[in-house]
Amino acid sequence: SIHSKLRHTNIYTKNIGWGRNGISPVSNRAHAYYLECLCNDFQKIVVNQFNRMSSSKDFQERLHTRQQALGTHNDEEILEHIQHCQDLAKCMVGREVVLCELKNCITSSNRRLIIICGEAGCGKSTLTAKAATLTSNWISGNLRVVIRFIGLTGESRNIQLILWSLCYQIADIYSISVTLSRDFKGLVEEFSFLLECATPDKPLLICLDGIEELSEEYNADLSWIPTELPNNVYFIASTCTEPGVSRLQELEKMTVKVSILQIPPLTSGEINEIISSWLEKDCRRLSGHQHAVLTEACTACPLPLYVSCAYKESCLWASFSPETEVCLPQNIPDLYRQTLSRMEKFHGEEVMKKMAAYVTLSRNGITQEELLDLMSTDEAVIQEVAKFKNVTVAAFPLVLWLKLLDDFGEHLKEQRSDNTYVFSWAHTSLKRVCLERYLKTKDSHASLHATFADYYLGRMSHDLRKDNDVSTFQPLAWVLKNKSKISYVFNMRKLFGTPYHLIKAKNSTVLIKECLFNYEFLLHKSQALSIVSVEEDLKAAISMERTVPDLTLLSEVLTLSRKVLVQDPCQMASQLIGRLHHIVAADKPVAPGDPKKYLYLPALLSQCLKSSIPVLVPSTSCLIPPGGLLCDTLTGENVDLLGTINGHSLQFFQAA
């Protein structure tokens, strides 16, 4: 019986007369009263159950764990930048004149942004790092330094993530309890507020190195950098001056001319001092001719990056090397080309071409496993390995990759990205040379991006996988079960790499089907970071495919649901069905044979019903649907925005 299955507190007994037509609340007041009581009881039970669940220890622990994971990840990010700063500062030799000029800029107290600029390889990062370590001697008070080297980690390229990281660290410095926004506009407002917390006793210095390395999210917007700094706040930003990539023109508008520091080339004395210190440290000596060649080349291109690369090339010279082999190109690109050419002769052109191309076009770097898998599925590479090494292999040998890694030396660096470690070029100058040498056409770019996307989606050629014993299975997340607890390790490489490479390959069809209208993909990506990252993918897709109405509608739904999904991404299914059910149900062809207006939304909603996690699924639309005036919040305001300014009629509506 029902009493044996349910507790007595969950059983509500009522007596009601059954009419000829069953329950008729319209014609029978007793029936109407019965239904009203039934609905009230049901609502009370469900609300009480939700309240118990939300206040339970497991639920609170889940929310705390998510926030704690973000904080731990950011602490690791901060420590990585601090370690890099200390390493660079130790390596600096000379530059006393430039440091003196920088000290004057910082201590002038004009409350404006300080810009360090110069051509690629002029030593901006090292100078910024040295300034960060010395500024505490120049400014009174217990100075706090916040430093970021953009591009040092994959996350530091994303403007929204780096702004969140800055706010997190500043709030921690001044012991301010704040719940940071996950959207860019909110973070800009919170960043401005946190800067005001600096005091004379505890001033603040922010250093951002390599502004041009910011990725294209939010168009790498720099408007959040104040044109006039609050009291007790100092801000240093560095950028290169190369046309096409430099952000100098934007930064110049935020400051005054006296706060712009152009880094001069190295002097002859500094070059000799640097070379002598390195030779002494490595316990090496050069012959008179070799030393003259090295010094002459460095004098012709007096940039720290060139001096470093030229010195590494000189380490390959033996005392008995013929003078014809002791030569150095006199600019950075040609020096990199010489290195690549030498490695092509030793390892094979196809091997070098594909390896360099994968590293160059990867998103924030490539993991060792990804590189070995992709190289193994390339027939031309495997054939060349067999030819050069005189051995038949089924997959690209790990030992050959380790040899390549050793030969590249410091030109190829290992860095953290997407909760793992990846390999990327140590300097953007080498990346540009590889683009010019190995990826000359746009078609070659698109083809390689498509290969990356197929790899993440597990769509590599079945024959190649079988022959080479390569497994390309990429789950959305790895599930870890420990007794009754279940935790997820999200596959960030797939969640962020797949849409990135599909967008770069301009493959909007696969992007829509496999990512944007794939419920499990949306759920996992919003859980891994934030629903904001999904919205960025949607914006990119809309710019490519303006003729697909499903994209615009889904974008509006996520805008309406953003506040909820930022707090709890697990409500994705409830929000989608609650807002789209009626729209999809009403989408019928105008005439027989005509297509439906929305081709992708029905499949998305049907996937919501098969969610991999327990969800509350509405039976019909129960939330504000998209298509009307979108609700958003004005930055700095706590009112709901019901309309925006029209550029032509200058009309807007706002209601509190």
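Not measured: the values here are computed from a predicted model.

Draft legend 1. Seen up close, the overall build of the chain. When you go through the chain residue by residue, the secondary structure sums to 26 helices and 12 strands. Across the 656 residues that make up the chain, the buried fraction comes to 47%. When contacts within the chain are restricted to residue pairs at least 6 apart in sequence, those whose partners lie at least 24 apart make up 70%. As displayed, the chain has an accessible area near 34,400 Å², and 53% of this comes from carbon and sulfur atoms. Here the chain holds 67 positive side-chain charges and 72 negative ones, and the gap between their average locations is 7 Å.

Draft legend 2. Representation of the packing of helix H9 (residues 268-281) against helix H10 (residues 288-300) within the structure. In contact at an axis separation of 10 Å, H9 and H10 are set at 135 degrees when each is read in the N-to-C sense. In this view, H9 runs oblique relative to H10, as classed from their interaxial angle. For the crossing formed where H9 meets H10, the hand is right-handed. The residues of H10 that touch H9, namely those facing Ser268, Ile271, Asn272, Ile275 and Leu279, are His291, Leu294, Thr295, Cys298 and Thr299. Looking at side-chain class alone, the contact of H9 with H10 contains five nonpolar, five polar and no charged residues.

Draft legend 3. How the structure looks around the state of the cysteines. Tallying each qualifying case throughout the model produces zero disulfides. Take Cys39: it sits in no disulfide, and the sulfur closest to it among the cysteines is that of Cys37, at 9.4 Å. In this structure Cys309 is a free cysteine whose sulfur lies 9.6 Å from that of Cys301, the closest cysteine sulfur available.

Draft legend 4. Spotlight on the pairing of strand S7 (residues 420-425). Sheet analysis places strand S6 (residues 412-417) next to S7, joined by six bridges and oriented antiparallel. Bridge pairing in S7 places Lys413 opposite Ser424. Here S6 folds back onto S7 in antiparallel fashion, the turn holding two residues, of which Asp418 has a positive phi close to 55 degrees.

Draft legend 5. Examining the sheet that holds strand S3 (residues 204-209) more closely. One open sheet accounts for five strands, arranged S2-S3-S4-S1-S5; its pairing is parallel. Of all strands in the sheet, those bounded by a partner on one side alone are strand S2 (144-149) and strand S5 (260-262). Across the sheet, the mean angle separating the axes of adjacent strands is 15 degrees when strand polarity is ignored. Sheet topology places S3 next to strand S4 (residues 233-240); five bridges connect them, and they run parallel. Bridging from a neighbouring strand, Cys207 pairs with Ile236 of S4. Packed on one face of the sheet, helix H4 (residues 96-107) meets strand S1 (114-118), S4 and S5 and runs near 155 degrees to S1. The sheet strands contacting helix H6 (residues 159-173) are S2 and S3, and the helix crosses S2 at an angle near 165 degrees.

Draft legend 6. Geometry of the side chain of Ser508. You can see Ser508 is positioned in helix H21 (residues 508-516). Ser508 sits in the buried class, given a relative accessible area of 10%. Those residues in contact with Ser508 that sit more than four places away from it in its chain are Met544 and Glu545.

Calculation notes
- Residues numbered from 1 in each chain as written.
- Predicted model: local features only at pLDDT ≥ 70, side-chain atom pairs only at ≥ 80, totals over all residues.
- Heavy atoms only, no water.
- Helix = DSSP H or I, 4+ residues; strand = E, 2+ residues; numbered from the N terminus.
- Buried < 20%, exposed > 50% of the residue type's maximum accessible area, 1.4 Å probe, protein only.
- Contact = heavy atoms within 4.5 Å.
- Areas by Shrake-Rupley, 256 points an atom, 1.4 Å probe, with all protein chains shown as cover.
- Lys, Arg positive; Asp, Glu negative; His and termini not counted.
- Charge placed at Lys NZ, Arg CZ, Asp CG, Glu CD.
- Axes fitted to C-alpha atoms, helices over the stretch in contact; angles between N-to-C directions.
- Parallel < 35°, antiparallel > 145°, perpendicular 65-115°, else oblique.
- Left-handed = near helix turned anticlockwise from the far one by under 90°.
- Nonpolar A, V, L, I, M, F, W, Y, C, P; charged D, E, K, R; others polar.
- Disulfide = S-S within 2.5 Å.
- Pairing = 2+ DSSP bridges.

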